Amino acid sequence: PVEFEAMSAKPNAVKVYRGLGTEEAPKYIQQYKTGEHYAGYGVFGNGTYTSTRFDTARGYAFGDKNIIEMIIPDSAKFVNHKDLKEIGTKVNKELNAIIKAGEAKAKTEMQAAGFNNWSNPIWRAWIDQATKYDRARAVLGDPGSLATLLGYDGIKIDVEKMNPSDVQEFFYVVLNRGKVVMKK
């Protein structure tokens, strides 16, 4: 605990909390700390959602038990979700352009070869390629997967304040649990 608190006192370190509200929470907490990694599903990307506010974690945990405290050190690389969304839009546009160009090429080749049905080898080859693009689109469509592929350890989400006097809250979606330090 002394080591953990010393690390949390570093200038750019961020303390975050994750609350689990299930009967099996102790098992899941231990699994997160030392077992097989499970990335949860979420609106801002698949990963482990945490908050800078203890009260938020307490709400998910239905009390003070079953809360993981973590430190995100300044060496961790997090991308702002708004920036990641822009990157994702660009990647998706480029992928769509590749898909359209490939489809147009396959149709042109089919016509040049005199094929007039969709069961010919040129079209079948294109369908196989398009299936790979669809898989890529599914992976790249998840902000968590995209951020991981770009080398980020997580995603930072600015939470809109409901009341100007509220303390600013941030959510961090942890993608690389090896980059965070967990309180024992």
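As the structure is a prediction and not an experimental result, all values here were calculated from the model. (Residues numbered from 1 in each chain as written. Predicted model: local features only at pLDDT ≥ 70, side-chain atom pairs only at ≥ 80, totals over all residues. Heavy atoms only, no water.)

### Notes on the packing of aromatic side chains
When we look at a pair of aromatic rings, we describe it by the centre distance and by the angle of the planes. Inspection of the entire model under this criterion finds two aromatic pairs. Residues Tyr17 and Phe54 carry aromatic rings whose centres are separated by 5.3 Å and whose planes lie at 85° to one another, so their mutual orientation is edge-to-face. Placement of the pair is Tyr17 in strand E1 (residues 14-19) and Phe54 in helix H3 (residues 54-61), with a sequence separation of 37 residues. Judged by relative accessible area, which is 27%, Phe54 ranks as partly exposed. Ring centres 5.4 Å apart and planes at 75° place the aromatic pair Phe78 and Tyr172 in the edge-to-face group. One end of the pair, Phe78, is in strand E4 (residues 78-80); the other, Tyr172, is in strand E6 (residues 170-174), and 94 residues separate them in sequence. Of note, Lys156 hangs over the ring of Phe170, and the distance from its end group to the ring centre comes to 4.3 Å. Over the face of the ring belonging to Tyr32 we find Arg177, whose NZ or CZ atom lies 6.0 Å from the ring centre. (Phe/Tyr/Trp six-rings, centres within 6.5 Å; stacked < 30°, edge-to-face > 60°. Helix = DSSP H or I, 4+ residues; strand = E, 2+ residues; numbered from the N terminus. Buried < 20%, exposed > 50% of the residue type's maximum accessible area, 1.4 Å probe, protein only. Lys NZ or Arg CZ within 6 Å of the ring centre and 35° of its normal.)

### Re the side chain of Ser51
Within the secondary structure layout, Ser51 lies in strand E2 (residues 48-51). Here Ser51 falls in the buried class, since its relative accessible area comes to 2%. One polar contact links Ser51 to Glu169, side chain to side chain, over a distance of 2.5 Å. Setting aside residues no more than four positions away along its own chain, Ser51 makes contact with Lys15, Val16, Tyr17, Thr56, Glu169, Phe170 and Phe171. (Polar contact = N/O pair within 3.5 Å; in protein donor to acceptor, adjacent residues only side chain to side chain. Contact = heavy atoms within 4.5 Å.)

### Thoughts on helix H5 (residues 121-140)
Taking 1.5 Å of rise per residue, 20 residues should cover 28 Å, and H5 covers 29 Å from first to last C-alpha, within 8% of that figure. Looking at H5, one finds that the buried residues are Trp123, Trp126, Ala130 and Tyr133. For H5, the angular spread of buried residues about the axis comes to 75°, placing them on one side. Opposite the buried face of H5, by more than 90 degrees, sit the exposed residues Pro121, Lys132, Arg135 and Ala138. In the core, the buried residues of H5 are packed alongside helix H4 (81-113). (Expected span 1.5 Å × (residues − 1). Arc of directions from axis to C-beta.)

### Quick word on the nonpolar core
Counting residues in each nonpolar core, the largest one holds 13 residues, and the members touching the most others are Tyr32, Ile68, Met70, Ile72, Val180 and Met182. Residue assignment for this core shows that the elements contributing at least two residues are helix H2 (25-34), strand E3 (67-72) and E6. Residues contacting Ile72, with those up to four places away along its chain left out, are Asn12, Ala13, Val14, Val16, Phe78, Tyr172 and Val180. The next biggest cluster of nonpolar side chains, apart from the first, holds nine residues, and it includes Val79, Leu84, Ala147 and Val173. (Core = buried A, V, L, I, M, F, W, Y, C linked by side-chain atoms within 4.5 Å.)

### Let's talk about the environment of Leu175
Structurally, Leu175 is set in the loop between E6 and strand E7 (181-182). Overall, the relative accessible area of 15% leaves Leu175 in the buried class. Distance in space between the C-alpha atoms of Leu175 and Thr48 is 6.6 Å, their sequence separation being 127 residues. Ignoring anything within four residues of it in the chain, the contact list for Leu175 reads His37, Asn46, Gly47, Gly144, Ala147, Thr148, Tyr152, Asp153, Gly154 and Ile155.

### A few points about the side chain of Thr48
Looking at the element boundaries, Thr48 is found in strand E2. What Thr48 contacts, discounting residues up to four positions off in sequence, is Arg18, Tyr32, His37, Tyr38, Tyr172, Val173 and Val174.

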